[in-house]
Amino acid sequence: MKDFISHVIAVLYRNLIWSYRSPFRLLDVTLWPLWMVFMLSVFLSVVDADPSYLALIIVSVAGWRAIFFVGFETTVMVLEEHWHDALPDILVSPISALQLALGGALTGVLKTIAVVIMFLAVGYLAFGIELADFATFLIALFFLMLAGFSFGFVLFGMAAVFDKRNVFTLSFMLPEVIGVASGPYYNIADVFPPCMVSVLNTFPTTHAFNLIKSIFGITQPDYFMLVITSMVWLCLAIVLNRTLYDFGRRMGTLTKVG
Amino acid sequence: MNSIVSVRNISKSFSSGGQPVKALDSISFNIKKGEVFGLLGPNGAGKTTLISVLCGFLIPDSGKAKMFGMDCTNEGCTIHKRMNFTTGFGGISEFFSCEELLKFYCMLYNLDNTEQRISLSLQATNLEKFRKHRPADFSSGLGRRFLISKALLNDPEVLLLDEPTVGLDVESATNLRDLIHRLKKKGTTILLTTHNLKEAEELCDRIALIRGGKIIATGTVNELKDKCFPYEVLDIRCSKPAKLGHLLNGRAQVVKIEKSEGRIKIFLKSEKDVAAILKLISNADSGIISVNTVEPELKSLYSKLMRSGL
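Bear in mind that the values here come from a model prediction, so they are computed numbers and not experimental data.

Caption draft 1: Just the overall build of chain B, in detail. Tallying secondary structure elements over chain B gives 11 helices and 14 strands in all. The principal-axis extent of the C-alpha atoms belonging to chain B is close to 75 × 45 × 40 Å. By residue count, 41% of the 310 residues in chain B fall in the buried class.

Rendered as structure tokens:
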């Protein structure tokens with residue numbers, strides 16, 4: 001257990017230094033999310049939207065960021081180290097793939113916390129918004145991060161097999177697409193055809209966003225489906241990661257020495 | 001001495017241009033505790049593939065690689081605590097100082113006395129004064145030295161060095177060889193892949209020559225020389241080589257004679273015959289200037305084996 005904690009903290013230590021010193025990664029938790037939340041909230045305030053809808057936008061975008069941060073961070077360290085030809089040095093240490101992914105996910109959790117605080121502060125200071133049911137929001141946020149980890153863990157496994165540049169693109173794109181398709185601030189039944197809605201209902205992100213929307217009386221939460229879909233996704237992610245990782249080791253695509 | 005690394009019938013094929021290519025073909029060898037084992041071969045021979053199998057990055061098609069009696073494929077995390085690895089072609093992550101990166105690795109190995117370990121490993125490669133510098137900005141030689149520091153952090157029982165002196169200047173390469181000597185004295189088991197035959201001869205207790213994914217010879221340098229060059233060779237400089245050749249021709253101890261301008265090479269069956277032949281030629285009037293025994297170099301051994309095998 002001591003080894004496990006030390007390994008996860010090692011990854012967190014590395015990622016925090018990297019995030020702080022890499023201008024691109026620093027913008028991830030500063031300018032980009034602020035730009036995103038202002039783009040949506042300023043538009044709503046200009047068209048005199050209901051303040052509760054403005055609050056929904058702010059917390060939903062925070063949830064959307066949670067999927068992205070945890071999913072992306074779970075995968076990205078392996079890709080960055082690969083591009084610096086340093087991946088073999090990390091993989092030859094006693095850290096396991098799961099510990100590498102968990103360390104990355106923990107970095108994503110810290111980034112999410114930073115951005116949520118920033119969003120809530122912006123909401124309060126710029127628009128006078130206060131969140132009525134913070135506990136429900138935190139539960140939804142937890143499940144969104146768990147879904148992000150599931151995505152990220154599958155992408156981590158894909159990085160062991162496929163071209164790492166493509167996996168990097170996917171790790172940016174997929175969480176964003178899944179986040180926005182899961183109805184962060186709208187009802188999916190109002191936008192998508194029934195067949196698509198059936199598919200989206202198998203996503204834990206859809207049920208987590210429903211939980212957020214339920215704070216504003218827009219949808220009814222379905223805790224049972226939220227937990228079940230989250231568990232199914234997590235189990236699938238573990239199986240897929242293991243299979244892909246070992247396949248990569250068999251094909252010689254996990255990493256190259258020299 | 002016990003085997004600390006055991007490789008048994010490892011085979012691995014890859015697909016290249018739609019054709020299967022055998023990178024490793026039933027490779028077997030053992031490395032004993034405290035031994036420096038050299039793996040020599042040309043580019044594409046399979047040295048790095050073998051290192052990848054031992055590190056657990058690559059699952060072989062068949063065969064077993066074991067370290068400390070554990071399976072390299074399935075028990076990597078336990079094995080990795082007690083070993084380390086560095087390659088002459090490795091890279092270094094951006095944004096970190098030497099100290100920060102080594103601290104990160106200390107955490108990965110869950111090591112105590114972090115500060116002391118970092119200092120010792122940097123001292124071992126004369127990088128202590130660069131502690132706060134970013135190794136990603138180093139020259140390739142300094143970078144190599146930093147990666148060797150990293151490989152020493154956990155005081156490994158087994159150290160895999162993949163062409164470690166590539167890119168090092170003469171002084172750094174000499175220092176690294178001294179370091180390998182010190183590690184050997186300490187009892188560290190080392191697997192060294194290199195193209196540098198002098199380095200292999202100087203450092204390795206045993207070597208394996210690998211070509212086309214197959215080990216074509218294993219043994220100490222002297223054992224391999226004896227197998228490849230079974231004759232004792234006398235190199236004689238003299239004014240009348242033809243006369244000396246005539247004298248020695250047909251003698252039971254003499255296998256072959258090579259004559260050239262002012263020089264004659266005599267190939268004897270064994271070392272025991274040297275005294276008798278020396279006595280014989282000393283009485284001959286052939287104007288002898290000097291007599292030397294010829295030690296075959298690893299270079300000629302390597303060339304011979306790479307051409308024909310053992």
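Picking up where we left off.
Caption draft 2: Representation of the overall build of chain A within the structure. Across its full length, chain A holds 12 helices and zero strands. The secondary structure elements of chain A, listed N-terminal to C-terminal, are α-α-α-α-α-α-α-α-α-α-α-α. For a compact globule of 258 residues, the expected C-alpha radius of gyration is about 18 Å, and chain A comes in at 19 Å, within 12% of that figure. Once the C-alpha set of chain A is aligned to its principal axes, its extents read approximately 60 × 40 × 35 Å. Taking as baseline every contact in chain A between residues at least 6 positions apart, the subset at least 24 positions apart corresponds to 80%.

Caption draft 3: Looking closely at the domain arrangement of chain B. Taken domain by domain, chain B holds domain 1 (3–226) and domain 2 (231–295). Averaged C-alpha coordinates put domain 1 of chain B and domain 2 of chain B at centres separated by 45 Å.

Caption draft 4: Up close: the sheet that holds strand 2 (residues 19–32) of chain B. Residues and elements named next belong to chain B. If you trace the four strands from one edge of the open sheet to the other, you get 2-1-4-5, paired in antiparallel fashion. Looking along the sheet, the strands with just one partner apiece sit at the ends: strand 2 and strand 5 (70–71). Summarising the sheet, strand 1 (residues 3–16) and strand 4 (residues 62–67) pair through five bridges and their orientation is antiparallel. Residue pairing across strands places Val-7 opposite Ala-65, the latter belonging to strand 4.

Caption draft 5: Up close: the nonpolar core. Counting residues in hydrophobic clusters, the biggest one holds 152 residues, and the most contacted among them are A:Ile58, B:Leu54 and B:Leu160. The biggest single contributor to this core is helix 4 (residues 51–83) of chain A, with 18 residues. Sequence-distant contacts of A:Ile58, defined by excluding residues within four places in its chain, comprise A:Val37, A:Ser41, A:Phe119, A:Gly123 and A:Ile129. In terms of nonpolar packing, the next biggest core, distinct from the first, is built from eight residues, B:Leu234, B:Leu248, B:Ile264 and B:Ile277 among them.

Caption draft 6: Seen up close, the confidence of the model for chain B. Of all residues in chain B, 98% have pLDDT values of 70 or greater, and the mean over the chain is 88. In the predicted complex, the global pTM is 0.85; the interface-specific ipTM is 0.89.

Caption draft 7: Spotlight on the sheet that holds strand 10 (residues 214–219) of chain B. Residues and elements named next belong to chain B. Taken in spatial order, the six strands line up as 6-7-8-3-9-10 in an open sheet, and their pairing is mixed. The open sheet terminates on both sides in strands that have one partner only, identified here as strand 6 (83–87) and strand 10. Geometrically, the sheet is characterised by an average inter-axis angle of 15 degrees between neighbouring strands, direction not taken into account. Summarising the sheet, strand 3 (residues 36–40) and strand 8 (residues 189–194) pair through five bridges and their orientation is parallel.

Caption draft 8: Examining the confidence of the model for chain A more closely. Model confidence for chain A is summarised by a mean pLDDT of 92, while 100% of its residues fall at 70 or above. When pLDDT is averaged over each element of chain A, helix 12 (residues 223–251) of chain A comes out on top at 97 and helix 3 (residues 31–46) of chain A at the bottom at 81.

Caption draft 9: Structural view of the interface of chain B and chain A. Counting residues at the interface gives 31 residues for chain B, matched by 32 residues for chain A. Every element with two or more residues in the side of chain B that touches chain A is listed here: helix 1 (47–55), helix 2 (76–80), strand 6 and helix 3 (98–108) of chain B. The leading source of residues in the side of chain B that touches chain A is helix 3 of chain B, at five residues. Tallied by class, residues from the side of chain B that touches chain A come to 17 nonpolar, nine polar and five charged.

Caption draft 10: Quick look at the environment of B:Asp285. Along the polypeptide, B:Asp285 turns up in the loop between helix 10 (273–282) and strand 14 (288–294). A C-alpha to C-alpha distance of 67 Å links B:Asp285 and B:Met70, two positions 215 residues apart in sequence.

Caption draft 11: Quick look at the pairing of strand 7 (residues 158–162) of chain B. Residue and element names in this part refer to chain B. Counting buried positions along strand 7 gives five out of five residues, so the element sits mostly inside the fold. Across five bridges, strand 6 lies against strand 7 in parallel orientation. Note on strand 7: the bridge partner recorded for Met-83 is Val-158. Judged from the five bridges that link them, strand 7 and strand 8 form a sheet pairing that is parallel. Within strand 8, the residue paired with Val-158 across the bridge is Thr-189. For the crossover from strand 7 across helix 6 (residues 170–186) to strand 8, the handedness is right-handed.

Caption draft 12: Local environment of the pairing of strand 10 of chain B. All names here are of chain B. Where strand 9 (residues 206–211) and strand 10 come together, five bridges link them in antiparallel fashion. Of the residues in strand 10, the one forming a bridge with Ile-207 is Gly-219. In this structure, the hairpin formed by strand 9 and strand 10 is closed by a connection of two residues, where Gly-212 is found at a positive phi of approximately 55 degrees.

Calculation rules
- Residues numbered from 1 in each chain as written.
- Chains lettered and ligands numbered in written order.
- Predicted model: local features only at pLDDT ≥ 70, side-chain atom pairs only at ≥ 80, totals over all residues.
- Helix = DSSP H or I, 4+ residues; strand = E, 2+ residues; numbered from the N terminus.
- Buried ≥ 20, exposed ≤ 12 C-beta atoms within 10 Å, placed from the backbone.
- Rg over C-alpha atoms; globule rule 2.2 N^0.38 Å.
- Contact = placed C-beta atoms within 7 Å.
- Domains from an automatic or database assignment.
- Pairing = 2+ DSSP bridges.
- Core = buried A, V, L, I, M, F, W, Y, C linked by C-beta atoms within 7 Å.
- pLDDT = per-residue confidence, 0-100.
- Axes fitted to C-alpha atoms, helices over the stretch in contact; angles between N-to-C directions.
- Nonpolar A, V, L, I, M, F, W, Y, C, P; charged D, E, K, R; others polar.
- Right-handed = clockwise from strand over helix to strand, strands pointing away.

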